[in-house]
Amino acid sequence: METLLFLIIVCTLAGVCFYRYEHPVGRISQGKDWIAKRYKDKYVVSVKNKAEIVAALNDFVVLNKITLGSVNGIGAVNEATLRFFDPATKQYVDKTLTGQMEISAFVGNISTKDGKSYTHYHITLAGRDYEAYGGHLLQAKLSGAGEFFVTSIPCGRLERSFDEQTGLNIYDFEK
Ligand code: FE
């Protein structure tokens with residue numbers, strides 16, 4: 001009788017554990033300018049209104065110890081500084097845009113440089129006239145909602161190294 005009871009308890013616990021593995025309850029984490037909920041290897045991240053997007057997302061990435069993954073998002077901003085990398089000079093040329101703009105596309109990736117999480121974001125912004133500007137994102141101030149999805153590759157790690165030829169920190173699969 002005791003053995004049967006023990007088996008029932010073990011099977012019930014195993015069933016609960018399996019169900020929780022297959023249907024994990026979203027774990028919520030938050031920082032000063034963001035709040036996120038986790039679903040297996042994916043996170044839904046909401047950046048707070050008026051926050052600087054790059055700083056907020058980088059803070060989220062570090063706090064959640066993400067070392068390899070991808071980012072996409074939509075939302076709106078009222079100021080943004082984009083960068084254009086000129087391969088001839090190996091220098092970035094910055095341009096700051098102001099005014100209310102939709103984030104019509106936001107893509108990025110997460111890797112590591114010198115062992116620390118390293119993020120790389122590009123953005124496309126469209127204003128009231130529906131004209132779009134795009135480039136490498138240096139910083140942007142949220143104006144409205146900022147809805148981001150982050151996919152993490154658990155335990156994944158991919159280092160970047162500075163490449164003299166391009167002047168960029170590029171993937172280094174040998175490290
Ligand atoms: Fe870039």
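Here, residues in each chain are numbered from 1, in the same order as that chain's written sequence. Local features in a predicted model are, by the rule used here, given only for residues with pLDDT of at least 70; side-chain atom pairs are given and counted only at 80 or more, and totals for whole chains, interfaces and linings are based on all residues. Values reported for side chains reflect all heavy atoms of the structure, with hydrogen atoms and water molecules removed beforehand.

Student: Just checking my understanding: could you explain the coordination of the iron ion for this structure?
Tutor: Reference values for angles at a metal are 109.5 degrees in the four-donor tetrahedral case and 90 or 180 degrees in the six-donor octahedral case. With water omitted from the atoms examined, metal sites may look incomplete; donors here are N, O and S atoms no farther than 2.8 Å from the metal, or 3.2 Å in the case of Na, K and Ca. The protein atoms that coordinate the iron ion are His 120 (NE2), His 122 (NE2) and His 136 (ND1), at distances of 2.1 to 2.2 Å. Spacing between the donor residues of the iron ion along the chain follows H-x1-H-x13-H.

Student: Is there a simple way to think about the pairing of strand β3 (residues 42-47) in this case?
Tutor: A regular strand carries its side chains on alternate faces of the sheet. Residues Tyr 43, Val 45 and Val 47 of β3 are buried on one face, while the alternating residues Lys 42, Val 44 and Ser 46, pointing to the opposite face, are not. The criterion for strand pairing is that DSSP finds at least two bridges linking the strands in question. The way it works is that DSSP assigns letters per residue, a run of H or I at least four long becomes a helix, a run of E at least two long becomes a strand, and they are numbered from the N terminus. In terms of strand pairing, strand β2 (residues 34-39) meets β3 through six bridges, oriented antiparallel. Following the sheet pairing, Tyr 39 is matched in β3 by Lys 42. Hairpin geometry of β2 and β3 is characterised by an intervening segment of two residues between the two adjacent antiparallel strands and by a positive phi of about 55° at Lys 40. Where β3 lies against strand β7 (residues 132-152), six bridges are found, and the strand directions are antiparallel. Note that in β7 the partner of Val 44 across the bridge is Phe 149. Each residue's exposure class comes from its accessible area (1.4 Å probe, protein chains only) as a fraction of the maximum for that residue type: buried when under 20%, exposed when over 50%, partly exposed otherwise.

Student: Just checking my understanding: could you explain the pattern of salt bridges for this structure?
Tutor: Pairing between side chains becomes possible if they bear opposite charge and their charged atoms approach one another. Between Lys or Arg on one side and Asp or Glu on the other, a salt bridge is scored when a side-chain nitrogen of the former is within 4 Å of a carboxyl oxygen of the latter. For the structure on display, the rule yields four salt bridges. With its nearest N and O atoms 3.7 Å apart, the salt bridge here joins Asp 41 to Lys 42. Asp 41 gets classed as partly exposed once you look at its relative accessible area, which sits at 26%. On the accessibility criterion, Lys 42 (40% relative accessible area) is partly exposed.

Student: Would you explain the environment of Ser 104 in this entry?
Tutor: By the secondary structure assignment, Ser 104 is in strand β5 (residues 91-113). The class for Ser 104 is partly exposed, based on a relative accessible area of 46%. Linking Ser 104 and Thr 124, residues 20 residues apart in sequence, is a C-alpha distance of 5.6 Å.

Student: What's the story with the environment of Ile 170 in this structure? I'm lost.
Tutor: Relative to the assigned elements, Ile 170 resides in strand β9 (residues 168-171). Classification of Ile 170 by relative accessible area gives partly exposed; the value is 36%. C-alpha of Ile 170 to C-alpha of Arg 160: the two residues are ten residues apart in sequence and 5.1 Å apart in space.

Student: Quick question: what am I supposed to make of unusual backbone geometry here?
Tutor: Where the residue is not glycine, phi is negative for most of them; where a peptide bond is considered, it is trans in most cases. A positive phi is found at Lys 50, a non-glycine position, where the angle reads about 75°. Within the element layout of this structure, Lys 50 appears in the loop between β3 and α2 (53-63). Even without glycine at this site, Asp 114 takes up a positive phi of about 55°. With respect to the helices, strands and loops of the structure, Asp 114 is situated in the loop between β5 and β6 (116-126).

Student: How do you make sense of the packing of aromatic side chains when you look at a structure like this?
Tutor: Think of it this way: a Phe, Tyr or Trp ring, Trp meaning its six-membered ring, pairs with another when their centres are within 6.5 Å, and the plane angle makes it stacked under 30 degrees, edge-to-face over 60, tilted otherwise. One pass over the structure, following the stated rule, counts six aromatic pairs. An angle of 85° between the planes, with centres 5.3 Å apart, marks the rings of Trp 34 and Phe 60 as edge-to-face. Placement of Trp 34 in strand β2 and of Phe 60 in helix α2 is noted, with a sequence separation of 26 residues between them. Exposure remark for Trp 34: the relative accessible area of 0% places this residue in the buried category. Ring plane angle 45° and centroid distance 5.3 Å describe the contact between Phe 106 and Tyr 121, whose orientation is recorded as tilted. With Phe 106 in strand β5 and Tyr 121 in strand β6, this residue pair connects regions lying 15 residues apart in the sequence. An aromatic cluster of at least three residues, connected via ring pairs, comprises Trp 34, Tyr 43 and Phe 60.

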